[in-house]
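Chain and residue survey
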Amino acid sequence: MAREIINIQAGNQIGENFWKMLLAEHGLDQNGMYHGADPLQLARVGTYFSEVNSGPTAKYVPRSVQIDLEAGVCDRIRTGPTGSLFRPDTFISGEGGAGNNWAKGCAELVDSIMDVLRKQSEPCDALQGFQIIHSLGGGTGAGLGCLLLSKLREEYPDRMLATFSILPSPKVSETVVELVENSDLTVCIDNEALKSPTFDNLNSIISQVMCGVSTSLRFPGQLNGDLRKLCLNLIPFPRLHFLVPSYAPLFDPKTHMFQRVSVPDLTNALFDRKNLLVACDPRFGRFLTAATIFRGKISSQEAEFTVQQLQQKNSHLFVEWIPDNVSVTLCSVPPVGHKQSATCLANTTAIQELFTRNLSQFTTMYKRKAFMHWYTEGMDTLEFSEAESNTHDLVNEYQQYQEATADADEAEYEHLSEPGQSAPSET
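None of these values were measured; they are calculated from a predicted model. Within every chain, residues take consecutive numbers counted from 1 along the sequence as written. The predicted nature of this model means local features are confined to residues of pLDDT at least 70 and side-chain atom pairs, given and counted, to a pLDDT of 80 or more, with totals for whole chains, interfaces and linings taken over all residues. Hydrogens and water are ignored here; the side-chain numbers use all heavy atoms of the structure.

Accessibility here uses a 1.4 Å probe with only protein chains present; expressed as a share of the type maximum, an area under 20% marks a residue as buried, one over 50% as exposed, and anything in between as partly exposed. Segments assigned H or I by DSSP are reported as helices when at least four residues long, segments assigned E as strands when at least two residues long, and all are numbered from the N terminus. The buried fraction of strand E9 (residues 242-248) amounts to seven of the seven residues, a majority that puts the element mostly inside the structure. Here E9 shows a buried face lined by Phe 242, Val 244, Ser 246 and Ala 248 and a second buried face lined by Leu 243, Pro 245 and Tyr 247. A pair of strands counts as paired when DSSP detects no fewer than two bridges linking them. Here strand E8 (residues 185-190) pairs with E9 via two bridges, running parallel. Across the sheet, residue Val 187 finds its bridge partner in E9, namely Leu 243.

Rendered as structure tokens:
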């Protein structure tokens, strides 16, 4: 039985691409009708889709809510090729946009969104949790998206909350508070790491990563699990739940026939800085945990041996006090257009580089109160100070665990819980 996930799109361009890829992988057309030939495509299709009777054949409807503070964005999807795929009452929009204003995005539409989410969750037999796709640079994704996180945590305290958070600009430090406190798992995607000429290419890469991450939830396979098991293996401390995704192979589709793809190639690419979707260098941090997901006809023995060999060669990049900290998941269903692929979610202390970079730029502007007058409507200036302090603590915590060793004295662990430091047990 599939365990259901409800998708919330507060960044609809990326969400639209994600659903197109899901349709292709599950053999569905743009109206939600099945035309595939592989029984594995429907084995766990209920993770993201609800089955409804529509005449002689079943129709599969996304379990999703599309949100934007500007009506034009939702209208474009509603009248586009996939418009008939979604339930009409799952499009929620405001009368005017948020104008990329984080504070303004918090103030509207929350009650009506929560009503729709309740309707979506009631028919579920075994709801895993919620997945939010949002960008942290604008009003809808940052303001409304983070407010929804706190509302969902309040109303569904025992369900998993995962986010795919796109970081497009340095002005996002204030959103870190909500992500630290209310998200169980945050997959960070940094536009600075994606050197792609068009938004379509960017959204396509992000959608490929999202499909890869959700492979173990959508298809039967070896060592598969659900969101909770994913978190259990990847997150040793509740605050350190910011994950760096990577994907392989990444190359121009025109050069596809000239590329060699093997399991060692895929494995090495997953841990190569050029394939990370966050602008950080893993050589300057250490991997706490990682989850590798291989798709296609791949031997489990070969995949496990290759990952183990990579760890042994680069043992200084992996903490020694968490044994077997890289998991391997296999799925025989390859992505559309590829024979093999691999996705990795890494919990690395190198991600502090991302937070340090954004914090430095935020602090420079905040000292001079630049742009503050746009955000005082709906926000207290103390919230900015709290966000700055919380981000400092997060960076310090990553650094402390990066320097920790297997034979550390108890005094070092006591130091982690000293006043002013972020204790591992805090949430």
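Still more ground to cover, so stick around.
Pairs were defined over the aromatic rings of Phe, Tyr and Trp, the Trp ring being its six-membered one, requiring ring centres within 6.5 Å. Orientation was assigned from the angle between planes: stacked under 30 degrees, edge-to-face over 60, tilted for the rest. Under the counting rule described, the total for this entry stands at 15 aromatic pairs. For the pair Trp 19 and Tyr 48, a centre-to-centre distance of 6.1 Å together with 85 degrees between the ring planes defines the contact as edge-to-face. With Trp 19 in helix H1 (residues 12-25) and Tyr 48 in the loop between helix H2 (40-43) and strand E2 (49-54), the pair connects residues that are 29 residues apart, well separated along the chain. We note that Trp 19, like Tyr 48, is buried. Ring pairs connect the aromatic residues Phe 18, Trp 19, Tyr 48, Phe 49, Phe 86 and Phe 91, which therefore count as one cluster. By definition, being over a ring means that NZ of Lys or CZ of Arg is both within 6 Å of the ring centre and within 35 degrees of the ring normal. Over the ring of Phe 284 we find Arg 283, and its NZ or CZ is 6.0 Å from the ring centre.

Turning to the side chain of Glu 4, a few remarks are in order. Examined against the element boundaries, Glu 4 turns out to sit in strand E1 (residues 4-10). One buried charge, Glu 4, has no salt-bridge partner; the nearest side chain with opposite charge is Arg 63, at 4.9 Å. Any N or O atom pair separated by 3.5 Å or less is treated as a polar contact, with the protein-specific requirement of one donor-capable and one acceptor-capable atom, and with residues adjacent in sequence counted only for side-chain atom pairs. A polar contact of 3.0 Å, which involves the side chain of Glu 4, links it to the backbone nitrogen of Asp 125. One polar contact links the side chain of Glu 4 to the main-chain amide nitrogen of Leu 127, over a distance of 3.4 Å. Any pair of residues with heavy atoms lying within 4.5 Å of one another is described as a contacting pair. Non-local contacts of Glu 4, meaning those with residues more than four positions away in its chain, are made with Gly 46, Thr 47, Arg 63, Cys 124, Asp 125, Ala 126, Leu 127, Gln 128 and Gly 129. When charges are counted, neither His nor the chain ends are considered; positive counts come from Lys and Arg and negative counts from Asp and Glu. Salt-bridge detection follows one rule: a side-chain nitrogen of Lys or Arg within 4 Å of a carboxyl oxygen of Asp or Glu.

This next bit is on unusual backbone geometry. In this model, Ala 248 is joined to Pro 249 through a cis peptide bond whose omega is 5 degrees. As for its placement among the helices and strands, Pro 249 is situated in the loop between E9 and helix H11 (263-270).

One open sheet accounts for ten strands, arranged E5-E4-E1-E6-E7-E8-E9-E12-E10-E11; its pairing is mixed. In this open sheet, the two edge strands, each paired with only one partner strand, are strand E5 (91-93) and strand E11 (326-331). Pairwise comparison of adjacent strand axes, ignoring direction, gives a mean angle of 20 degrees for this sheet. By the bridge criterion, three bridges tie strand E4 (residues 64-68) to E5 in an arrangement that is parallel. Bridge pairing in E5 places Asp 68 opposite Ser 93. Packing of H11 onto the sheet brings it into contact with E9, strand E10 (287-296) and strand E12 (340-348), and relative to E12 it is tilted by some 30 degrees. Helix axes are fitted only over the stretch in contact, all axes being lines through C-alpha atoms; the angle between N-to-C directions runs from 0 to 180 degrees.

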